[in-house]
Amino acid sequence: MTAESFPEIHSPGMRFIARVFRLRDLIFENAQREMSRFELSPVEYSVLATLRKTPSPHALRPSDIYKGMLITSGGLTKVLKGLEQRGLLLREDDDTDRRGSRVRLTPAGIELIEVAMKTVIGSDIAMLQRVASPEQLDALAEALQPFTENLDL
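Reading guide: rules and limits
- Residues numbered from 1 in each chain as written.
- Predicted model: local features only at pLDDT ≥ 70, side-chain atom pairs only at ≥ 80, totals over all residues.
- Heavy atoms only, no water.
- Core = buried A, V, L, I, M, F, W, Y, C linked by side-chain atoms within 4.5 Å.
- Buried < 20%, exposed > 50% of the residue type's maximum accessible area, 1.4 Å probe, protein only.
- Helix = DSSP H or I, 4+ residues; strand = E, 2+ residues; numbered from the N terminus.
- Contact = heavy atoms within 4.5 Å.
- Salt bridge = Lys/Arg side-chain N within 4 Å of Asp/Glu carboxyl O.
- Pairing = 2+ DSSP bridges.
- Axes fitted to C-alpha atoms, helices over the stretch in contact; angles between N-to-C directions.

1. A few points about the nonpolar core
If you look at the biggest cluster of nonpolar residues, it comprises 26 residues, and the most contacted ones within it are Tyr45, Val47, Leu48 and Ile65. At the level of secondary structure, the elements contributing two or more residues to this core comprise α1 (12-36), α2 (42-53), α4 (73-85), β3 (97-105) and α5 (107-129). Excluding residues within four positions of it along the chain, Leu48 makes contact with Leu40, Leu83, Leu88, Leu89, Leu105, Leu112 and Ile113.

2. Here we look at the pattern of salt bridges
Inspection of the entire model under this criterion finds nine salt bridges. We note a salt bridge from Arg24 to Asp25, for which the minimum N-O separation is 3.7 Å. Shared partners join several salt bridges into a network, and the residues in it are Arg61, Asp64 and Lys67.

3. Some points on the sheet that holds strand β1 (residues 59-60)
Taking strand neighbours across the sheet as the criterion, the three strands line up as β1-β3-β2 in an open arrangement whose pairing is antiparallel. Single-partner strands in this sheet number two, and they are β1 and β2 (89-94). Judged from the six bridges that link them, β2 and β3 form a sheet pairing that is antiparallel. Looking across to β3, one finds that Leu89 is bridged to Leu105. Sitting on the sheet, α4 touches β2 and β3, and the angle it makes with β2 is about 120°.

Here it is, written out as structure tokens:
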């Protein structure tokens, strides 16, 4: 699409949006390639990373896991079962709510997600550093801060 074929949307704002979307796609595609090395889907990676970022013993209620994810509770249940079958997490009764359960990383789950997170993040940063220095990336992060902070509803 060019300015001649649809001039109404040719603007600095639209160019910015298009580039942000494309950059997001490039980063996500790179991250997916790295996750696949660990036989993890993006949603499995997200679940394990969410649990790992939680203080020890790295346990949450399933409802707390899927709050920030674009997945239904039924979809999350399927993912949790698969991760449990692989020995990466355990389901336990919730001591604070007899009706609920908690999901906790196993030592194997902790080990896998720590290596996977370092690999994925390292690869994403290396990809960005092919075109920008750490100082430039820091400046870009600062420049985007007002957008992410002030537009986040």
